[in-house]
Amino acid sequence: MKEMNKINTFVGKVYTEFMNKPRTPEQTMVADLQFSANLMKMAIWNLKRWSKTTNKPNKAWKDILKKIIKEEQ
């Protein structure tokens, strides 16, 4: 949990820096969506890289995705 708190703090600082620019409400919504999408891409790339370090990369990849989805339901 400490890791997640540290990541949350760091991402919050980056988000604030990224979003702290003059924009219209529509531009703000797009920027927020872009930030979230980029964060998700980085997480997926990290999980894929991690899965390749296991004996069964495809199984590890599928298992971790199932676990994440199950936690979010």
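Refer to the preceding data block for the structure.
Below you will find a few notes about this structure. (Residues numbered from 1 in each chain as written. Predicted model: local features only at pLDDT ≥ 70, side-chain atom pairs only at ≥ 80, totals over all residues. Heavy atoms only, no water.)

**As for the overall build of the protein**
- Along the protein, the regular secondary structure elements total 3 helices and 0 strands.
- For the protein, the α and β elements follow one another from N to C terminus as α-α-α.
- A compact globule built from 73 residues would reach a C-alpha radius of gyration of about 11 Å, whereas the protein, at 16 Å, exceeds it by more than 25%.
- Viewed in the frame of its principal axes, the protein has a C-alpha envelope of about 50 × 25 × 25 Å.
- As presented, the protein carries roughly 6900 Å² of accessible surface, and 61% of it is formed by carbon and sulfur atoms.
- On the protein, the mean spot of the 15 positive side-chain charges and the mean spot of the 7 negative ones are 10 Å from each other. (Helix = DSSP H or I, 4+ residues; strand = E, 2+ residues; numbered from the N terminus. Rg over C-alpha atoms; globule rule 2.2 N^0.38 Å. Areas by Shrake-Rupley, 256 points an atom, 1.4 Å probe, with all protein chains shown as cover. Lys, Arg positive; Asp, Glu negative; His and termini not counted. Charge placed at Lys NZ, Arg CZ, Asp CG, Glu CD.)

**So, a nonpolar patch on the surface**
- On the surface, Leu39, Met42, Ile44 and Trp45 cluster together to form a nonpolar patch covering roughly 410 Å² of accessible area.
- Looking at the element boundaries, Leu39 is found in helix 2 (residues 25-51).
- According to the relative accessible area criterion, Leu39 is partly exposed, its value standing at 33%. (Patch = residues over 30% accessible without salt bridge, like charges linked within 9 Å, V, L, I, M, F, W, Y side chains within 5 Å. Salt bridge = Lys/Arg side-chain N within 4 Å of Asp/Glu carboxyl O. Buried < 20%, exposed > 50% of the residue type's maximum accessible area, 1.4 Å probe, protein only.)

**Some words on the packing of helix 1 (residues 2-19) against helix 2**
- Running from N to C, helix 1 and helix 2 point in directions that differ by 145°, and their axes come no closer than 11 Å. The crossing of helix 1 and helix 2 is right-handed. In this structure, helix 1 uses Val11, Val14, Tyr15, Phe18 and Met19 to contact helix 2, whose residues at the interface are Thr28, Ala31, Asp32, Phe35 and Leu39.
- Grouping the amino acids of the contact of helix 1 with helix 2 by side-chain chemistry returns 8 nonpolar, 1 polar and 1 charged. (Axes fitted to C-alpha atoms, helices over the stretch in contact; angles between N-to-C directions. Left-handed = near helix turned anticlockwise from the far one by under 90°. Contact = heavy atoms within 4.5 Å. Nonpolar A, V, L, I, M, F, W, Y, C, P; charged D, E, K, R; others polar.)

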